[in-house]
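Fold and contact review
Listed below are the residues making up each chain.
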Amino acid sequence: MIVNIPLISVGVAVIGLLIAFMLYKRINRIKINNPTVADITKQIQDGAMAFLKAEYRYLSVFIVVVAALLLWNNGQQTALAFLAGATASVIAGFSGMRAATSANGRTAMAAAESGQAKALEVSYNGGAVMGLSVGGLGLLGISLMAMWLGTGSAVQNIAGFGMGASSIALFARVGGGIYTKAADIGADLVGKIEAGIPEDDPRNPGVIADNVGDNVGDVAGMGADIFESFVGSIIAAMVIAESSGMGGANNADWVILPIFLALVGYGASIIGVFSIHLLKGGDPGAALRNTTFIGAGLFWLGGWFGIGYVGLETGTDPMMAVIAGSIVGILIGLVTEYYTGIDPVMGIKPKAIPYIGEMSKTGPATNAIAGLSVGMKSTFLPIILICVGIYCANEFMMNGRTETAFGLYGIAMAAMGMLATVGVTMTVDAYGPVADNAGGIAEMSKLGPEVREITDGLDTIGNTTAAIGKGFAIGSAALTALALFAAFKIAVEANLGVGETLSLSLADPMVVIGLLIGGSLPFVVAAMTMTSVGKAAGEMVVEIRRQFREIDGLLEGREGVKPDSQRCIEISTQAALKEMILPGVVAISAPVIVGFTLGASALGGLLAGALVTGVLMALFMANAGGAWDNTKKAIEQGRIEGAKKGDATHDAAIIGDTIGDPFKDTSGPSMNILIKLMSIVAVVIAPSLTLTGLL
């Protein structure tokens, strides 16, 4: 190795973060001349930031307690790495939220004053702050960890950084999901179905809370999710390389390679983000997709030729695994778009949305049955693609080698292929809620049908990018969790006695016990989050009904009469903060309890069981929810023959969408983080485990 890769990575990360700050300042320079738009934008931003501050206050207690336990069990280095990972995730979420909520109203104003191209640019820049913050802080944190810990045995402690990021991610995803769906469901059930008023109607007390929730769940929550996948894939590869001693005298090169590829991917992301300025004048959907393709293409080229240029003695086999993972991620996104989208995908006309639309004509029950069947069916192709990615990554890396660690390392590289360009992929994903909120603000501010047409067009694209982003997140979570599972096995074996190995044979009853327990946990956590959303939404429904009943002139739209939106924001906030604790405790405590009481074999089984059911649950719930949501939108856009907005078919689709909301935005995304968090906790405690445990 002829250059100091961690030091260069720190420099590039800092440059990227400065660019994110400049984009944030550029967004804020856009004046909001309409007082109603300014007022609503301020309410959304204040509500979102108040929730984040309250959430982080709660989590600070949890973080301190866990850090103290890690200090006692693992030592100072792991505890400090844990605090650093949690802090980086918090900063990323805070930065992205601030920018997204600033861009909401400014996107609506850009649509009103300058048209579609400018509105696309503003909303995209709002997402770019999140994307560049996630990638930059992840690269910065991991690089500083590498500079501190080196490439020797101390690298094991870097798993603490991933655990800190994962802990914040689970709480952010669960808390954000509960917040946004409580507000969304309450506003829809009482506003659209009972009162018969439009979506985003200013008379509805739950609308502002719903808009706040879009940012809380889909910006801060998704950002934390992708952040921990990004750092988790890097950590898994580093731990596998160091613990196995692969590469012999060149072991340090294999340990540092993931940081180099993250560096190249982040640089490619920055270029991809700025390519929107060349593409914004054409089709918005194509522009968004092309920015991600530009980032991916530059990453492949930079990684392929850069490995030799910087003197890493690893060859280009890892890049083959990276490219395989990247292609699999793109294909999973396209499959997700096919099952959840309205428009043709690569020339293939989707059948799921028309099918659910037809079934909606006979009522909400048949709509629900159709949505569930689409969600179940949609799991097969992504799983096959993930299997192909695993097979190819293993084959490319083995390439005549006999050490199995190379194949496991290749799986981590495949996960990196999906995540290295996180700066641009997260940008496209975070763009969605910005465009969605812009449409709501345009409606509430009465900016006119031509403005709403622009924002609706951007929002429709945002729904598709969000669905693709969820598919991408699930695929990367599966590969990252598998790589962490491999890192766990190697780390356990590295600390066992002479002649001892961690056998995960199904002939071992402890492995089977772990498998069954692990397989049940995603169902338990999904049930917890669904119950939480239902309880919080029920409180929201009661409050909105009360305001319509007791505030004179509110439902009639009498001039000067305003709803008490703050009360709805408080309901969502308190529900989210209260209900997010138990799923997080389950995710962190389960591997600790099983590992120390039943032993490493049972914990290995638990991770495997949770991985299989967790990935399937995530795919099923995310795709079913996305299909229900877009069926409702297809009816509203007149794209389902014989159905229109406001008729019985539309009412059935709204109910289906209401069922799907917690599927796609709360419980489904929580599965990604659950399997990764349990895996990284297992890696952290691996050096302390025995084969048999206390029993």
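Residue indices follow the written sequence of each chain, beginning from 1 at its first position. In keeping with the predicted nature of the model, local features appear solely for residues at pLDDT of at least 70, side-chain atom pairs appear and are counted solely at 80 or more, and the whole-chain, interface and lining totals rest on all residues. In computing side-chain values, all of the structure's heavy atoms are included and hydrogens and water are not.

Strands here mean DSSP runs of E at least two residues long; helices mean DSSP runs of H or I at least four residues long; both are numbered from the N terminus. Within the chain one finds 21 helices and zero strands. Taking 695 residues into account, the globule formula puts the C-alpha radius of gyration at 26 Å, and the chain, at 24 Å, falls close to it. With the C-alpha coordinates aligned to their principal axes, the bounding extent of the chain is approximately 80 × 55 × 45 Å. When the 695 residues of the chain are sorted by exposure, 63% land in the buried category. Two residues qualify as a contact provided that any one of their heavy atoms is within 4.5 Å of a heavy atom in the partner residue. Counting only contacts in the chain whose residues sit at least 6 apart along the sequence, the fraction spanning at least 24 positions is 84%. By element, 64% of the accessible surface of the chain is carried by carbon and sulfur atoms, the whole surface being about 23400 Å². This radius of gyration counts C-alpha atoms alone. The globule rule is 2.2 Å times how many residues there are, raised to the power 0.38. Here the term buried applies to any residue with accessible area under 20% of the maximum for its type, exposed to any over 50%, and partly exposed to those in between, with areas from a 1.4 Å probe on protein chains only. Only the protein chains shown count as cover for residues, and the accessible areas themselves come from Shrake-Rupley with a 1.4 Å probe.

Our next topic: the packing of helix α2 (residues 35-73) against helix α15 (residues 422-444). Look at α2 against α15: their axes get within 9 Å of each other, and the N-to-C directions meet at 135 degrees. In terms of axis orientation, α2 runs oblique to α15. Of the two elements, α2 crosses α15, and the hand of that crossing is right-handed. Seen from α2, the contacting residues are T36, V37, I40, T41 and I44; seen from α15, they are N437, I441 and M444. Think of it as three bins: nonpolar holds Ala, Val, Leu, Ile, Met, Phe, Trp, Tyr, Cys and Pro, charged holds Asp, Glu, Lys and Arg, and polar takes everything else, Gly as well. Its residues assigned to classes, the contact of α2 with α15 shows five nonpolar, three polar and no charged. All axes are obtained by fitting lines to C-alpha atoms, using only the stretch in contact for helices, and the reported angles, taken between N-to-C directions, cover 0 to 180 degrees. To sort the angles, those under 35 degrees are grouped as roughly parallel, those over 145 as roughly antiparallel, those from 65 to 115 as roughly perpendicular, and the leftovers as oblique. Crossing chirality is assigned from the near helix's rotation relative to the far helix, an anticlockwise turn below a right angle marking it left-handed and a clockwise turn marking it right-handed.

By the secondary structure assignment, G595 is in helix α19 (residues 581-598). Given the relative accessible area of 0%, G595 is considered buried. For the pair G595 and L691, spaced 96 residues apart in sequence, the C-alpha to C-alpha distance is 8.9 Å. Leaving out residues up to four positions away in the same chain, G595 has contacts with A600, L603, L689 and G693.

The next point concerns the nonpolar core. The term nonpolar core refers to a set of buried residues drawn from Ala, Val, Leu, Ile, Met, Phe, Trp, Tyr and Cys, joined through side-chain atoms within 4.5 Å. By size, the foremost hydrophobic cluster in this structure holds 246 residues, and its most contacted members are F260, Y409 and F488. Residue contacts for F488: discarding those within four places in its chain leaves L502, A600, L603, G604, L607, A682, V683, A686 and L689.

Turning our eyes to something else, we now look at unusual backbone geometry. A positive phi angle, near 40 degrees, is found at N399, a position not held by glycine. Examined against the element boundaries, N399 turns out to sit in the loop between α13 (380-398) and α14 (404-419). Among the residues examined, N399 registers a relative accessible area of 52% and is labelled exposed. At K446, a position not held by glycine, the phi torsion is positive, near 55 degrees.

Any two of the Phe, Tyr and Trp rings considered here, Trp counted by its six-membered ring, make a pair once their centres fall within 6.5 Å; the pair's planes then place it as stacked at under 30 degrees, edge-to-face at over 60, or tilted in between. Tallied over the entire structure, the rule returns seven aromatic pairs. Measuring from centroid to centroid gives 5.7 Å for F620 and F663, while their planes differ by 70 degrees, and the two rings are edge-to-face. Of this pair, F620 sits in helix α20 (residues 600-636) while F663 sits in helix α21 (residues 648-685); the two residues are 43 residues apart in sequence, bridging distant segments of the chain. On the numbers, 5.8 Å between centres and 75 degrees between planes, the contact of W628 with F663 is edge-to-face. With W628 in helix α20 and F663 in helix α21, the pair connects residues that are 35 residues apart, well separated along the chain.

Attention now moves to the environment of L515. Looking at the element boundaries, L515 is found in helix α17 (residues 509-550). Spatially, the C-alpha atoms of L515 and G609 are 4.4 Å apart, while their sequence positions differ by 94 residues. Once residues within four sequence positions are removed from consideration, L515 is found in contact with L506, G605, L606, A608 and G609.

What follows deals with the side chain of T291. Considering the arrangement of structural elements, one finds T291 in helix α9 (residues 284-309). The class of T291 is buried, set by a relative accessible area of 0%.

Here the focus is a nonpolar patch on the surface. The grouping of Y58, I581, L582 and V585 at the surface amounts to a nonpolar patch, some 340 Å² of accessible area in total. With three residues, α19 is the largest single contributor of residues to the nonpolar patch. When you line up the elements, I581 lands in helix α19. Note that patches include only residues with greater than 30% relative accessible area and no salt bridge, and the join distances are 9 Å for like charges and 5 Å for nonpolar side chains (Val, Leu, Ile, Met, Phe, Trp, Tyr). What makes a salt bridge here is a side-chain nitrogen of Lys or Arg within 4 Å of a carboxyl oxygen of Asp or Glu, nothing more.

It is worth spelling out the packing of α19 against α20 at this point. Interhelical geometry of α19 versus α20 gives an angle of 150 degrees and a closest axis separation of 6 Å. On the basis of their axis angle, the class for α19 and α20 is roughly antiparallel. The segment α19 lies against α20, with A590, P591, V594, G595 and L598 engaging A600, A602, L603 and L606. In the contact of α19 with α20, the residues fall into eight nonpolar, one polar and no charged.

Compared with an ideal rise of 1.5 Å per residue, which puts 38 residues at 56 Å, helix α3 (residues 76-113) spans 55 Å between its outermost C-alpha atoms and is within 8% of the ideal. One axis fitted to the seven residues ending at a residue, another fitted to the seven starting there: the angle between these axes is the bend at that residue. A maximum bend of about 30 degrees is found in α3 at N104. Taken from the residues just after α3, G115 is the one with a positive phi, measuring 95 degrees. By this rule, a helix spans an expected 1.5 Å times one less than how many residues it contains.

Oppositely charged side chains are able to pair whenever their charged atoms sit close together. Tallied over the full model, the rule gives 24 salt bridges. Notably, a salt bridge pairs R639 with D343, separated by 2.5 Å at the nearest N-O pair. Of the two residues, R639 is situated in the loop between α20 and α21 and D343 in the loop between α10 (317-340) and α11 (352-360); the sequence distance between them amounts to 296 residues. Since its relative accessible area comes to 41%, R639 is described here as partly exposed. Among the charged side chains, a salt-bridge network with shared partners connects K181, D184, D629, K633, D661, K664 and D665.

A separate point is the confidence of the model for the chain. Summarising the model, the chain shows a mean pLDDT of 87, and 98% of its residues fall at 70 or more. Confidence of the predictor in every single residue is expressed as pLDDT, which spans 0 to 100. Within the chain, helix α12 (residues 364-377) carries the highest mean pLDDT (96), whereas helix α16 (residues 449-494) carries the lowest (79).

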